[in-house]
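# Structural description and commentary
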Amino acid sequence: MGSIQFSEIEQAAPEMDQLRDQYSRFREELQAAQDEATAVEVMNRWDALRREHGCWISLTHLRFHQDTANAEYKQAREHCDQLTPQLTELDISIKRLLVNHPLRDKIESRIGAQAFALWEAEIPTYEPIIEEDMVKQSTLSARYIELLAAASLELRGETLNLSGIAKYAESPDRELRHEAQLVRCSWFEENQDQLDEIFDNLVSLRHGMARKLGFDNYVELGYLLMQRVDYGQDDVARYRQSVKELVTPLGVELRKWQAAELGIDKVMAWDLAVFFPEGNPLPEGDHDWMIGQAKEMFDEMGGGLDSFFRLLSDGGFMDLKTREGKAGGGFCTSFETVGMPFIYANFNGTRGDVEVFTHEMGHAFQCYMSRKQPWVDYLWPTYESCEIHSMGLEFLAWPYMEKFFGERAEQFRQIHLAGALLFLPYGVAVDHFQHLVYAQPNASAAERHAIWQELEREYLPWMDWGDLPHGSNGGRWQSQRHIYLSPFYYIDYTLAQTCALQFWLRARQDSQQAMDDYVALCRRGGEAPFGELASSAGLVSPFQEGCLGDVIQQARQALPISV
Ligand code: ZN
């Protein structure tokens, strides 16, 4: 049908010498610009180049994730890691010029204030003095990805990777769940020295970069790198506190309900994911069947999701099955030159497939809906806002879950809601952990594990690891990819979840209104900061006093626990 095909997207690596000349011409032209129209015309050409670079980086990283053992992909990724800091430097040279430009006010009135806010956050995060450190950081990150992707786990005669073994966490057979967790935790224990070493190197490297750039430690730099332009560490600390006060006690109740459902005394670490004695509901078919059901679902949801999903699936912009050598996790990336996103996941036959898929589809849809935004800076919002689109779609998809789970759809919805709430204390613990780790960069590995253990007691008091190694020694954080790969990218999910729950509540009142507001929010992309995007969609900011309390109060009523 002439729709764009993923296989046809190609993007060559930039030629750096040529590019440096090109950028110095941009700078000269911008400096010479006498009016904003001229400046904006130069900026448009710069924007086109940035899209090419973004597209090249996306393709290179995607291919490496798809096959971490492929030497050619690995080499391409290494080349990309080498050049990325240089590209950052070139772009920052233009951004610096623009924020200090005599025509700034006029340019700003044309392109919006948000781009300038983002650039002002980014400028202090890079100097050529950290170029080598940035490359080292990428190498260490890749080591972590490769190590986890290569995990080969034996369970009852079956060989599994980490994504594959996760399905046994939901088995109705408690013995099997325990055995699977034992195998998994033992793998982490066997590799703990390497995991500690990689992380220790990452922390020293990040701390060193922060010091070279003039910061006390990595925390402030981390916030700037996350481009948090309208809230700071104090807001986040207050929000974590409110989760501890309001959601942790609810979590305790939910775990009691879960134990009662399962007919066990206490939910142990190997029981966390399973909520019903017959096991959690599973999608009633395989990958291809799920794609067919998803097509029906998006057709019924409309709002543009229908035609977009066809473009995505017909064009091959998805890689959802797990396989040997494929890196774990799920994400959405985009090819800015053609305005198409790509969904990556690791299906393992559990309900999580439907969650991950609707989640990543939310990101992809937003990216597609904002593809007409004139500046690459506005294609994606900052991460806490991005996660509203993904987590919001998970909730908006609720009425269609019969398509995947048949008669067990209501159970799916109960688990999804309970999971969304139980996630909040875990999410803030991951955030708090990173604040503590980067405030004490010289802590030993044992001290870091002790920090996690303490946080687990504080935020997740129901956790009981029993006889499992690694987890019982405070090691759980080592399987949380973001802690290694995307520092400080985690509170975002909890902030977005508080917004997504508001979409869910709205959809229960008026599903059409919720859908319209959702599509309108997606279309805005990243043209505004978090607070403004949220309020334009009629969402109360999670930082506002009382917001979380209200949301939790209403969510409680839909839970099968006594009120
Ligand atoms: Zn996401």
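Only a predicted model underlies this, so the values are computations on that prediction, with no experimental measurement involved.

### What about the nonpolar core?
In this structure, Trp119, Phe298 and Leu312 are the most contacted members of the largest nonpolar core, which totals 196 residues. Counting residues per element, this core draws most heavily on helix 18 (residues 409–439), which supplies 17 residues. Leaving out residues up to four positions away in the same chain, Leu312 has contacts with Phe317, Met318, Met340, Pro341, Ile343, Met361 and Ala364.

### Quick word on the sheet that holds strand 3 (residues 318–321)
Strand order in the open sheet formed by 3 strands is 3-5-4, and the pairing between neighbours is mixed. Two strands lie at the open edges of the sheet, namely strand 3 and strand 4 (331–335), each paired on one side alone. Geometrically, the sheet is characterised by an average inter-axis angle of 15° between neighbouring strands, direction not taken into account. Bridge count for strand 4 against strand 5 (residues 340–347) is 5 bridges, and the pairing is antiparallel.

### Considering the packing of aromatic side chains
In this structure the tally under the stated criterion is 48 aromatic pairs. Seen from their ring centres, Tyr144 and Tyr484 are 3.9 Å apart, and the 10° between their planes marks the pair as stacked. Here Tyr484 lies in helix 20 (residues 481–485) and Tyr144 lies in helix 6 (residues 131–149), a separation of 340 residues in the sequence. You can call Tyr144 buried: its relative accessible area is 0%. Each ring, one from Tyr438 and one from Phe488, has its centre 5.6 Å from the other, and the planes form 40°; the classification is tilted. Here Phe488 lies in the loop between helix 20 and helix 21 (491–509) and Tyr438 lies in helix 18, a separation of 50 residues in the sequence. Just as Tyr438 is buried, Phe488 falls in that class too.

### With respect to the pattern of salt bridges
Following the criterion strictly, the structure yields 39 salt bridges and no others. The partner of Arg45 in a salt bridge is Glu29, and the shortest N-O contact between them spans 2.8 Å. Residue Arg45 is found in helix 2 (residues 36–66), and its partner Glu29 is found in helix 1 (residues 16–32); the two are separated by 16 residues along the sequence. Under the relative-accessibility criterion, Arg45 is labelled partly exposed at 32%.

Cut-offs used in this document
- Residues numbered from 1 in each chain as written.
- Predicted model: local features only at pLDDT ≥ 70, side-chain atom pairs only at ≥ 80, totals over all residues.
- Heavy atoms only, no water.
- Core = buried A, V, L, I, M, F, W, Y, C linked by side-chain atoms within 4.5 Å.
- Buried < 20%, exposed > 50% of the residue type's maximum accessible area, 1.4 Å probe, protein only.
- Helix = DSSP H or I, 4+ residues; strand = E, 2+ residues; numbered from the N terminus.
- Contact = heavy atoms within 4.5 Å.
- Pairing = 2+ DSSP bridges.
- Axes fitted to C-alpha atoms, helices over the stretch in contact; angles between N-to-C directions.
- Phe/Tyr/Trp six-rings, centres within 6.5 Å; stacked < 30°, edge-to-face > 60°.
- Salt bridge = Lys/Arg side-chain N within 4 Å of Asp/Glu carboxyl O.

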